[in-house]
2 protein chains.
Amino acid sequence: MSEYLSVHASGNASSTDAHDAHALANQPQPPSQQQREATPRKPQYNKREPLVFFIMRLNLKAVLLLLSVAVMIITLGIYMRCAAFSFSPDLVRQLGKRQTIDTLSSSAAGQELSAPLQDIECAINQEYSIHCKRDENANEVYVPFSFLRQYFDVSGAVTTSGSGSDPAKFNWMHSNAKVNLPKGKYETRGVFMYFENYNVEVRDRVKCISAAEGVPVSTQWEKRGYFYPTQIAQFALAHYSKNLTEPTPRVHVLEDADGNQMDWTTPKTSNMTRIWHHKFNTSIVQFETTIGYESAISIQVNQTQDLVLSVDLLLVTNSSSLMVTVLNRDTKHSYNLHYIAAELLLSVQESNIYYGLGSGSLNKWRHITRDLHIDVQKGIVLGDKRSPLKVRRSDLEVLSVAFLGIGFFDNITLSTSDHLAHFYDAAEWFVHNQDAKTGGWVNPVRRSLNGFAELRPGWISAMGQGHAISVLARAYWHSGGDVRYLKAASLGLQPYRVYSRDGGVLAQFMEKYYWYEEYPTTPASYVLNGFIYSLLGLYDLNSTAPGKIAREAGKLFNQGMHSLKKMLLLYDTGSGTSYDLRHLSLGVAPNLARWDYHATHVNQLLLLATIDSDPLIAQTAERWKGYMFGKRAKHN
Amino acid sequence: MSEYLSVHASGNASSTDAHDAHALANQPQPPSQQQREATPRKPQYNKREPLVFFIMRLNLKAVLLLLSVAVMIITLGIYMRCAAFSFSPDLVRQLGKRQTIDTLSSSAAGQELSAPLQDIECAINQEYSIHCKRDENANEVYVPFSFLRQYFDVSGAVTTSGSGSDPAKFNWMHSNAKVNLPKGKYETRGVFMYFENYNVEVRDRVKCISAAEGVPVSTQWEKRGYFYPTQIAQFALAHYSKNLTEPTPRVHVLEDADGNQMDWTTPKTSNMTRIWHHKFNTSIVQFETTIGYESAISIQVNQTQDLVLSVDLLLVTNSSSLMVTVLNRDTKHSYNLHYIAAELLLSVQESNIYYGLGSGSLNKWRHITRDLHIDVQKGIVLGDKRSPLKVRRSDLEVLSVAFLGIGFFDNITLSTSDHLAHFYDAAEWFVHNQDAKTGGWVNPVRRSLNGFAELRPGWISAMGQGHAISVLARAYWHSGGDVRYLKAASLGLQPYRVYSRDGGVLAQFMEKYYWYEEYPTTPASYVLNGFIYSLLGLYDLNSTAPGKIAREAGKLFNQGMHSLKKMLLLYDTGSGTSYDLRHLSLGVAPNLARWDYHATHVNQLLLLATIDSDPLIAQTAERWKGYMFGKRAKHN
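Residues numbered from 1 in each chain as written. Chains lettered and ligands numbered in written order. Predicted model: local features only at pLDDT ≥ 70, side-chain atom pairs only at ≥ 80, totals over all residues. Heavy atoms only, no water.

### Thoughts on the overall build of chain A
Looking only at helices and strands, chain A has 17 helices and 22 strands in total. Sequence-distant contacts, at least 24 apart, represent 64% of the contacts inside chain A between residues at least 6 apart. For chain A, the computed accessible surface area is about 28300 Å², with 53% contributed by carbon and sulfur atoms. (Helix = DSSP H or I, 4+ residues; strand = E, 2+ residues; numbered from the N terminus. Contact = heavy atoms within 4.5 Å. Areas by Shrake-Rupley, 256 points an atom, 1.4 Å probe, with all protein chains shown as cover.)

See the structure below:
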């Protein structure tokens, strides 16, 4: 026999109840039943003293009687005490009702004791059992969240406030990802998506920022580290966006050999002079030291907060270097950051952290921009991979800057940030690291996607191409028309027209709709978020490039938007989205998008909706947003 | 501040615990703590009697003392009793621990009292709040099932046994639909799917079984009732399948004018004679009565259980009829079922229920097979639509059979069932109700699917075609080769080759894969279950028809199976299935399949897997089956 639970209106009505109880909790209340009745316990024991006094004046019979009465009291006491632990079901029911009413009317709603519930076995799909609780009077069964969390992949946490008056609350979160509403129509010249929130360099899978290139080095798919075009572009787009959203940085010029000069400590065997550079038409500093740190020319800086160093530097010999000493004021430990003329990426020896400027760096002027916090942190991680110390930016202090060997420098600054420098470092990387024949920025690592043939090193990603084009389009515009950026962006369109099997990124769904592949797999995988990023690159070039290049980008963009509209609903599962279409290509289970990827889908559609008025995009975005809050498509 | 709950291993470990506790409940156990300690209560009161006896022999002081002691006892008693309702949090904690241990080691696990939990507000996605329970010690939050049921669309019920020793249990059911595992390779000559479980005629949307045609009349999309080919075919396939799975029916021949003769009550103005029919080469009964029930020739039957009446009948005048009187032994109410020579479908006047044999029924021999239980029940429903009485088959008794007017009859029988008669009635219907030009069995009603243009009366369904072909292929085989069935089945293939817009049922997905449409909508809707049924019809004809017709059906079947394999995963949401692909056609939310349709998908794939060895089908069926138990596709 089975009795089905009636569905309670658990929505607004319950909500109101909970809030009412909550509101009451903040008002002064008369003492609760517990408080009132627990108080008289101690005086009760004091009453025994006159009893002893009486006993002394009574005869033996009375004493015996009293003793037996005492025994009775103790017996009765024990019995009644024990009864508290073994009351009959009837008592329980009364108790239950009483305290339910208390809960609704008394003060500390969240912390109130409620009716004792019964244990009940919950048989889950006749497969296994868990322990649940039952409130027989309310015809309700309570299911433990630890089970639900796993079964439905939801999350939740108890929030506690410090004070006792504010009750604990349980926050049920269907998804823990975040939707970013666009602030207005998408503009290529403006912020890219919501990338002002990105901080690429702090990611664990970023080994460090190459000192030779000024761009991140990834360890995601190969531990030795490699340049990952998609990541480099995100680094650039994040800094470009931060430059637009963050306050103007504070820039502290230490030495420019002109208006700003510092008093350099120059050992006897060393030499530093300010000289006129005819070509640059400015003064620069020339230095020459012997080997060994003690011969370095140096300045004390004692600068906190402004941790982005930049300098124009030319090193003459490969034993020359720039050395910056940074103190962790929390641990009192200091680190020496060495920027050396070598092919090295990153090396650590105790407190000495070495970044290589590249073997080709000798006798060339280089503008170097380093986030010293990142450089210290990545050095620490490399030095202690197991449990690296996490250094707070606010704990760091730049103690000194020094030069060794033979060389020239100018314009040493420390700033709170220098986003544009990072952005241009990345833009330059794309100009100098493009395959001239294919127009691709290649991924130099293997990549295997479950079920697909492995991608061999050298593959191109539509997402990488699109991101790079988004960077280059911005660099072209921001630089006031530097055609090197435009040419690279234009050449970057080429792989959009070449099928994956021929080295490009193009796929066709059901021989009908063209798709730009984040991963050019065989068969096609149709990753959604990478495709949309590839479209944004096309949009950016279309809206910044002149004439023919704009038209070419626009044509590819329109072709992609057409496919997107026809294929978008293929990703809709009615309660979330698929990350890709491998289920269709391989005949396997759908590869569902985890919530942060789902949120990316939503964010991307919301952004596209600002530049394409087709209601399909805005409507789908809204529905997909709802899925993050537990909404579902209807069933028939 | 938020503290995340740790995920408990709620799978096998918990299951074992629960089962152990359960197993213990069936063994004799020493009395529990409650039982042991509740017992001494009554003797305690008896001990007060000697106390009164002592008081009488004591002095005033002692009496006063004893009275004060008595007051103390009562005070203490009340205090301790009250303490039971107001124990301090510390006591609660001890109690909790103690009873948790009890639960694990004692007998009535399911009914055990557990530690009182705290009320806690659960904020659901920051949108609204519900009341939850918290076990702070176990770091667990309990969520009410009434919320979960609605939020996740799961079901559950508390099962209680009559006896107190077997604890109540909560059955959590992710889906309440049933998977039917095929018993072996699918065989056209055998059972259709699991349709032996179908009982088409009892469905509410079946108005009645037409006496003119012997097939059901639907009211699903039009209240006046109409012939719905899909339903008629399911009626036929259910009876064909029941004929194979049920025991041989008991057949009771009442009168065949030969070896079985009954003593007919023949009023004076009436006449009945047994005559030789030269053409049939058998004896038949001739009757002639005046108008009015009192003149009818009749027999008393008093037959229970065997409620399927069959008779060979020829009525000469349109005031002639067959009348069967049936008693509901529960309500003592009797019903007269009149089978009359009229164009009427079903009409009710108090206890008289009229079924029309059709205006064309005069002077033609008809073999009539009626389930008297169904005929009574449908009459009752028509007579009292608001709260029709539900009649139990076992309550019915056939009291009498009577004939009125002028006519002939032979072979009156009552049987437990006559499935093949129903099957052939339906097969005949398909032979006689096919559009000779298109080969379609048309649906004479409007049908509107949300978002699509309305289908106008006269539309053809691939499901109806396939089901009809499944019926006709069986009739062709079972009848030993009646070509009328084969010809109708063959003609029924025609709409599979004609696009929906041209009056057929053919669609093409992405201009690539051919699909047979249950509903020939514009744009196409691609209903999955109807498509697979349409394939089964093709398979059935392919495996029963000779030569060319088999090849034609086989070609259409292979074309459909190819599409199915390419498109099957489009329906996979990772946690269930879509009913159709309207989300792709219309750009709207997916139309998710409710669990019974999902189960149909699974059942169909399991069946197809017995005739197609492509692992895609069997693997997908298994995964989809898992979804019914809360399994989900992985997310990335």
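We are not done yet, so read on.
### Things to note about helix α17 (residues 615–627) of chain B
All names here are of chain B. For α17, which comprises 13 residues, the first-to-last C-alpha distance of 18 Å matches the rise-based estimate of 18 Å (1.5 Å per residue) to within 8%. Looking at α17, one finds that the buried residues are Leu616, Ile617, Thr620, Ala621, Arg623, Trp624, Lys625, Gly626 and Tyr627. For α17, the N-terminal capping position is held by Asp614, with its side-chain oxygen 2.9 Å away from the main-chain nitrogen of Leu616. (Expected span 1.5 Å × (residues − 1). Buried < 20%, exposed > 50% of the residue type's maximum accessible area, 1.4 Å probe, protein only. Polar contact = N/O pair within 3.5 Å; in protein donor to acceptor, adjacent residues only side chain to side chain.)

### Focus: the pattern of salt bridges
Residues and elements named next belong to chain A. On inspection of all chains with the given rule, the structure shows 48 salt bridges over all chains. Residue Arg474 is joined to Asp540 by a salt bridge in which the shortest nitrogen-to-oxygen separation is 2.9 Å. With Arg474 in helix α11 (residues 462–478) and Asp540 in helix α13 (residues 528–542), this pair connects stretches of sequence that are 66 residues apart. Residue Asp540 is classed as buried on the basis of its relative accessible area of 0%. Residue Lys565 is joined to Asp614 by a salt bridge in which the shortest nitrogen-to-oxygen separation is 3.8 Å. (Salt bridge = Lys/Arg side-chain N within 4 Å of Asp/Glu carboxyl O.)

### Some details on unusual backbone geometry
Of note, the amide linkage connecting Thr522 of chain A to Pro523 of chain A takes the cis form, showing an omega dihedral of -10 degrees. Relative to the elements of secondary structure, Pro523 of chain A occurs in the loop between β22 (513–516) and α13. The residue Glu350 of chain A is not glycine, and still its phi comes out positive at about 50 degrees. The topology assignment puts Glu350 of chain A in the loop between β16 (346–349) and β17 (352–356). We note that Ala257 of chain B has phi near 65 degrees; this positive angle belongs to a residue other than glycine. Among the structural elements, Ala257 of chain B can be located in the loop between β9 (251–255) and β10 (271–277).

### Focus on the pairing of strand β11 (residues 282–288) of chain B
Residues and elements named next belong to chain B. Within β11, five of the seven residues are buried, leaving the element largely enclosed by the surrounding structure. Sheet topology places β10 next to β11; seven bridges connect them, and they run antiparallel. Pairing of Thr273 across the sheet is with Gln286, part of β11. As consecutive antiparallel partners, β10 and β11 are separated by four residues, and within that stretch Asn281 has a phi angle of approximately 60 degrees, a positive value. Where β11 meets strand β20 (residues 406–415), four bridges bridge the pair, whose relative direction is antiparallel. (Pairing = 2+ DSSP bridges.)

### Structural notes on the packing of helix α10 (residues 419–432) of chain A against α11 of chain A
All names here are of chain A. At their nearest, the axes of α10 and α11 sit 10 Å apart, and the two run at 115 degrees to each other. The handedness of the crossing between α10 and α11 is left-handed. When α10 is examined against α11, the residues Leu420, Phe423, Tyr424, Ala427, Phe430 and Val431 are found in contact with a partner set consisting of Ala468, Val471, Leu472, Arg474, Ala475 and His478. Across the contact of α10 with α11, the residue classes tally to 10 nonpolar, one polar and one charged. (Axes fitted to C-alpha atoms, helices over the stretch in contact; angles between N-to-C directions. Left-handed = near helix turned anticlockwise from the far one by under 90°. Nonpolar A, V, L, I, M, F, W, Y, C, P; charged D, E, K, R; others polar.)

### Structural notes on the nonpolar core
Counting residues in each nonpolar core, the largest one holds 180 residues, and the members touching the most others are Phe509 and Leu541 of chain A together with Phe509 of chain B. Apart from residues lying up to four places away in sequence, Phe509 of chain B is in contact with Met510 of chain A together with Tyr526, Met567, Leu570, Leu581 and Leu584 of chain B. (Core = buried A, V, L, I, M, F, W, Y, C linked by side-chain atoms within 4.5 Å.)

### Regarding the packing of aromatic side chains
Under the definition given, this model contains 83 aromatic pairs over all chains. When the centroid spacing of 5.9 Å and the interplanar angle of 20 degrees are considered together, the rings of Trp515 of chain B and Tyr571 of chain B count as stacked. You can see Trp515 of chain B sitting in strand β22 (residues 513–516) and its partner Tyr571 of chain B sitting in the loop between α14 (547–567) and α15 (582–586), a full 56 residues away along the chain. Exposure remark for Tyr571 of chain B: the relative accessible area of 0% places this residue in the buried category. Ring pairing ties together the aromatic residues Phe145, Phe147, Tyr151, Phe152, Phe170 and Trp172 of chain A together with Phe145, Phe147, Tyr151, Phe152, Phe170 and Trp172 of chain B, which thus form one cluster. Directly above the ring of Tyr485 of chain A sits Arg484 of chain A, whose terminal nitrogen or CZ lies 5.1 Å from the centroid. Arg447 of chain B extends its terminal NZ or CZ atom over the ring of Tyr519 of chain B, reaching a point 4.5 Å from the ring centre. (Phe/Tyr/Trp six-rings, centres within 6.5 Å; stacked < 30°, edge-to-face > 60°. Lys NZ or Arg CZ within 6 Å of the ring centre and 35° of its normal.)

### Examining the state of the cysteines
Residue and element names in this part refer to chain B. Evaluation of the coordinates by the stated rule reveals two disulfides over all chains. The disulfide bridge from Cys122 ends at Cys132, spanning 2.3 Å between sulfur atoms. In this structure, the disulfide formed by Cys122 and Cys132 twists by about -130 degrees around the S-S bond and is classed as left-handed. Residue Cys122 is found in strand β2 (residues 118–124), and its partner Cys132 is found in strand β3 (residues 128–135); the two are separated by 10 residues along the sequence. Taking relative accessible area as the criterion, Cys122 reaches 0% and is therefore assigned buried. (Disulfide = S-S within 2.5 Å.)

### A short note on the environment of Gly464 of chain A
Position of Gly464 of chain A relative to the elements: it lies in helix α11. Along the primary structure Gly464 of chain A and Glu517 of chain A are separated by 53 residues, whereas in three dimensions their C-alpha atoms are 10.0 Å apart.

### What about the sheet that holds β16 of chain A?
Residues and elements named next belong to chain A. Ordered by their spatial adjacency, six strands build an open sheet running β12-β19-β14-β15-β17-β16, and the pairing between neighbours is mixed. The outermost strands of the open sheet, each flanked by one partner alone, are β12 (297–304) and β16. If you compare each strand with its neighbour and ignore which way they point, the axes differ by 20 degrees on average. Where β16 lies against β17, four bridges are found, and the strand directions are antiparallel. Counterpart to Val348 in the pairing with β17 is Ile353. Strand contacts of helix α9 (residues 372–383): β14 (321–328), β15 (333–340), β16, β17 and β19 (396–404), with the helix running at about 110 degrees to β17, the strand carrying the most contacts.

### Quick look at the sheet that holds strand β12 (residues 297–304) of chain B
All names here are of chain B. Reading across the sheet, the six strands line up as β12-β19-β14-β15-β17-β16 and stay open at both edges, with mixed pairing between neighbours. The open sheet terminates on both sides in strands that have one partner only, identified here as β12 and β16 (346–349). Sheet twist, expressed as the average angle between the axes of neighbouring strands with direction ignored, equals 20 degrees. Summarising the sheet, β12 and strand β19 (residues 396–404) pair through six bridges and their orientation is antiparallel. Bridge pairing links Thr304 to Glu397 in β19. Packed on one face of the sheet, helix α9 (residues 372–383) meets β14 (321–328), β15 (333–340), β16, β17 (352–356) and β19 and runs near 110 degrees to β17.

### So, the confidence of the model for chain A
When pLDDT is averaged along chain A, the result is 85, and 81% of the positions lie at 70 or above. Counted against residues more than four places away or in other chains, residues 77–112 of chain A, with its pLDDT under 50, gives 68 contacts. (pLDDT = per-residue confidence, 0-100.)

### Observations regarding the packing of α13 of chain A against helix α14 (residues 547–567) of chain A
Each packed pair of helices is defined by two parameters, the angle between the axes and the distance between the axes. Residue and element names in this part refer to chain A. Between α13 and α14, the least distance of the axes is 8 Å, while the angle of their chain directions is 150 degrees. By the angle between their directions, the pair α13 and α14 is classed as roughly antiparallel. α13 and α14 meet at a crossing whose hand is left-handed. Here α13 contributes Leu528, Phe531, Ile532, Leu535, Leu538, Tyr539, Leu541 and Asn542 to the contact with α14, which in turn contributes Ile549, Ala550, Arg551, Ala553, Gly554, Leu556, Phe557, Gly560, Met561, Ser563 and Leu564. (Parallel < 35°, antiparallel > 145°, perpendicular 65-115°, else oblique.)

### Things to note about the side chain of Thr369 of chain B
Structurally, Thr369 of chain B can be placed in strand β18 (residues 366–371). Contacts of Thr369 of chain B, omitting those with residues within four sequence positions, involve Val308, Leu309, Ser310, Asp418, Ala421 and His422 of chain B.

### Considering the pairing of strand β3 (residues 128–135) of chain A
Residues and elements named next belong to chain A. Taking burial as the measure, the eight residues of β3 include seven buried ones, the bulk of the element. Note that strand β2 (residues 118–124) and β3 share seven bridges and pair antiparallel. Following the sheet pairing, Cys122 is matched in β3 by Ile130. Between β2 and β3, which pair antiparallel one after the other, the connecting turn spans three residues, and Asn125 there sits at a positive phi close to 50 degrees. Of the pairings in the sheet, the one linking β3 to strand β4 (residues 140–144) comprises three bridges and is antiparallel in character. The residue of β4 that forms the bridge with Lys133 is Tyr142.

### Focus on the side chain of Ser218 of chain A
Residues and elements named next belong to chain A. Relative to the helices and strands, Ser218 resides in strand β8 (residues 216–218). A polar atom in the side chain of Ser218 sits 3.1 Å from the backbone nitrogen of Gln220. Excluding residues that lie within four positions of it along the chain, Ser218 makes contacts with Arg205, Gly225, Tyr226, Tyr228 and Gln231.

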